[in-house]
Amino acid sequence: MKISGVQVWKEEMPLTRPYTIAYKTTSSITNVFFQIQCDNGITGIGSSYISKAVVGFTSDEAYESIQQNKDWFIGRDVRQFQQIVHEARIFFDNNPGVLTALDLALHDAFCKFIGIPIVKYYGQKIRGLHTSITIGIKNVQETLEEAQEYYDRKFKILKVKLGNNLEEDIERLVKLRENFKDNMKIRIDANQGYSLAELIEFCDRTLDLDIELIEQPVPVKDSLSTRSLSWDIRKLIAADEYLVDAQSAMHLVQNEPACGIFNIKLMKCGGILESKAISTIAEKSNTDLMWGCNDESVISIAAGLHAALSSSNTKYIDLDGSLDLARDIAQGGFKIEEGFMTLTDTPGLGVELL
Ligand SMILES: [Mg+2]
């Protein structure tokens, strides 16, 4: 089952709703797509959209790197896909934009070849989960309006971006809780916006608001210093920008855990294989798993869901990244009903190109 052809291309994808987080505003994104053809007629598709601020590479660099090295893939046997990913990690300098696109395309083709969805190749542990849906940084009134829209669309979990202004952050959360009582779960993402002292103050002042978890509250460089905080605070922390691979996962939980939750994104760690290594560290260290995303095609969102539902420590998913795309190049892969995400029983990723 040898690779006989590859295509790589980029698509500019506008968002239906531009959004702001602690360090940037985004209105359109560029996903990289990668397709392989095998000599037995099977194809595999992968995609990626990485953040330079988080992983140190751009999606454009990933595209150029694949484009310039197309011959590297030709003739390789997809039945040995784990070996191909291993070699690619060295050849492509650990660029997660290349690795994710390749890892997904190989998983897709290999699992089509053996005739099962990727989630069943690893063993399905969870049938499905409710995803959160994200509200960017905006004022109290706009926050309430957007939350109402998601409530009306039957989503059960809000993820609120904050981290620019502690007073306004708390006011938004107080008003959300007043308005929605216990009808919505609320998790937050500070995107490194708080100091350790602000985090402590935030936790003290939001004790009654039932905040489910706090993504990356402090700067990446301070991520291990949360060890000085009480476990009541640490157990709510979901490491995100700091957690880019299995090695950083180990740093977080060695000796005294710095957080209670890992937020895995395929776009940080370079695909499903590395995500499963992080998932194993989570199991062995009793760390809960959250699976997050960037703004991504359904191709890589489906991949994240396959990985999430095949990992026994998965507790949270935040896989809303394809819902705000004004245009995508694929469909299928998963179902979402009232915010509850499940996979289809189609072999591979289960997606279909449009
Ligand atoms: Mg985050």
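Treat the numbers as computed from the prediction; the structure is a model and nothing was measured. Within any chain, residue numbers begin from 1 and follow the written order of that chain's sequence. Totals for whole chains, interfaces and linings use every residue, but because this is a predicted model, local features are given only for residues with pLDDT of at least 70 and side-chain atom pairs only at 80 or more, for both listing and counting. With hydrogens and water stripped out, all remaining heavy atoms of the structure feed into the side-chain values.

So, the coordination of the magnesium ion
And then number 1: Listed as protein donors to the magnesium ion are Asp189 (OD), Glu215 (OE) and Asp240 (OD); their distances from the metal cover 2.0 to 2.2 Å.
And then number 2: Metal donors: N, O and S atoms at distances within 2.8 Å, or within 3.2 Å for Na, K and Ca, with water omitted from the atom set so that some sites may seem incomplete. Along the chain, the residues that donate to the magnesium ion are spaced as D-x25-E-x24-D. Placement of Glu215 in strand β8 (residues 211–215) and of Asp240 in the loop between β9 (237–239) and α10 (246–253) is noted, with a sequence separation of 25 residues between them. Here Glu215 and Asp240 have matching classes, each one buried. Counting from the N terminus, the helices are DSSP H or I runs at least four residues long and the strands are E runs at least two residues long. For every residue, the accessible area obtained with a 1.4 Å probe (protein chains only) is divided by the maximum for its type, and the residue is called buried under 20%, exposed over 50%, and partly exposed between those limits.

Some thoughts on the pattern of salt bridges
Any two side chains of opposite charge can pair, given that their charged atoms come close.
And then number 1: By definition, a salt bridge exists where a carboxyl oxygen of Asp or Glu is found within 4 Å of a side-chain nitrogen of Lys or Arg. Inspection of every chain in the model, using the stated rule, returns 24 salt bridges.
And then number 2: Residues Arg79 and Asp77 are paired through a salt bridge, measuring 2.7 Å at the closest nitrogen-oxygen approach.
And then number 3: Judged by its relative accessible area of 12%, Asp77 falls in the buried class.
And then number 4: Close ionic contact of Lys265 with Asp240 constitutes a salt bridge, the shortest N to O distance being 2.8 Å. Within this pair, whereas Lys265 is found in the loop between β10 (261–264) and α11 (266–269), its partner Asp240 is found in the loop between β9 and α10, the two being separated by 25 residues in sequence. An identical accessibility class is assigned to Lys265 and Asp240; each is buried.
And then number 5: Among the charged side chains, a network of salt bridges with common partners joins Arg17, Lys138, Glu146, Glu149 and Arg153.

Thoughts on the layout of surface pockets
And then number 1: Volume-wise, the largest pocket comes out at about 610 Å³.
And then number 2: Lining of the largest pocket is provided by 40 residues; of these, Tyr19, Lys161, Cys293, Asn294 and Asp295 occupy positions nearest its centre.
And then number 3: Only β1 (3–21), α1 (52–55), β5 (132–135), α6 (140–152), β6 (157–161) and α11 provide two or more residues apiece to the lining of the largest pocket.
And then number 4: Residue polarity is assigned by list, with Asp, Glu, Lys and Arg as charged and Ala, Val, Leu, Ile, Met, Phe, Trp, Tyr, Cys and Pro as nonpolar; anything else, Gly included, falls into the polar class. Here the residues of the lining of the largest pocket are counted per class, giving 16 nonpolar, seven polar and 17 charged.
And then number 5: All the domain ranges listed were derived from an automatic or database domain assignment. When residues of the lining of the largest pocket are sorted by domain, at least three fall in each of domain 1 (3–115) and domain 2 (119–353).
And then number 6: Around the second largest pocket, the lining comprises 13 residues; the ones closest to its centre are Cys203, Thr206, Leu207, Asp232 and Leu236.
And then number 7: Every element with two or more residues in the lining of the second largest pocket is listed here: α8 (196–205), β8 and α9 (231–234).
And then number 8: Ranked by residues supplied to the lining of the second largest pocket, first place goes to α8 with three residues.
And then number 9: Residue composition of the lining of the second largest pocket, by class: seven nonpolar, two polar and four charged. Note on definitions: the grid is 1 Å and covers protein atoms alone; a cavity is a set of points where a 1.4 Å probe fits but cannot get out; a pocket is an open set with protein on both sides within 12 Å along at least five of seven lines; lining residues have an atom within 4 Å of a point. Grid points are joined across faces, edges and corners, and a volume is the space filled by probe spheres set on the points.

With respect to the sheet that holds β5
And then number 1: The pairing criterion is simple: DSSP has to find at least two bridges between the two strands. A sheet is described by the order of its strands in space; here eight strands give the open sequence β5-β6-β7-β8-β9-β10-β11-β12, paired in parallel fashion. Both edges of this open sheet fall to β5 and β12 (314–317), since each of them pairs with a single strand only. Pairwise comparison of adjacent strand axes, ignoring direction, gives a mean angle of 30 degrees for this sheet.
And then number 2: When β6 meets strand β7 (residues 185–189), the two strands line up parallel, connected through five bridges. Bridge pairing in β7 links Leu158 to Ile186.
And then number 3: Sitting on the sheet, α6 touches β5 and β6, and the angle it makes with β5 is about 155 degrees. Axes, fitted as lines to C-alpha atoms, cover a helix only where it is in contact. Angles between the N-to-C directions of the axes lie from 0 to 180 degrees. By definition, residues are in contact when any of their heavy atoms lie within 4.5 Å.

A short note on empty space enclosed by the protein
And then number 1: Going through the model one piece at a time under the given rule, you end up with one cavity of 30 Å³ or more.
And then number 2: Lining the largest cavity are Gln216, Pro217, Val218, Ser223, Thr226, Ile237, Ala239, Tyr242, Leu252, Ala258 and Cys259.
And then number 3: The residue inventory of the lining of the largest cavity, partitioned by class, reads eight nonpolar, three polar and no charged.

Re the sheet that holds strand β4 (residues 128–130)
And then number 1: Ordered in space as β4-β15-β14, the three strands form an open sheet in which the pairing is antiparallel. The sheet is open, and its two borders are formed by β4 and β14 (334–337), each paired with just one other strand. The average angle at which neighbouring strand axes cross in this sheet is 20 degrees, direction not considered.
And then number 2: One ladder, built from four bridges, connects β14 with strand β15 (residues 340–343); its direction is antiparallel.

Observations regarding unusual backbone geometry
And then number 1: Backbone geometry at Lys154 places phi at a positive 75 degrees, although glycine is not the residue there.
And then number 2: Phi at Gln216 is positive, roughly 30 degrees, even though this residue is not glycine.
And then number 3: With respect to the secondary-structure elements, Gln216 resides in the loop between β8 and α9.
And then number 4: Take Gln216: its relative accessible area is 2%, and that puts it in the buried class.

Overview of the environment of Leu104
And then number 1: Along the chain, Leu104 turns up in helix α4 (residues 96–114).
And then number 2: Sequence separation of Leu104 and Leu266 is 162 residues, and the distance between their C-alpha atoms is 9.5 Å.
And then number 3: In contact with Leu104, not counting residues within four places along its chain, are Ile45, Gly46, Ser47, Leu266, Gly271, Ile272, Ile299, Ser300, Ala303 and Leu349.

Such coordinate-based values are descriptive only and should not be taken to indicate function.
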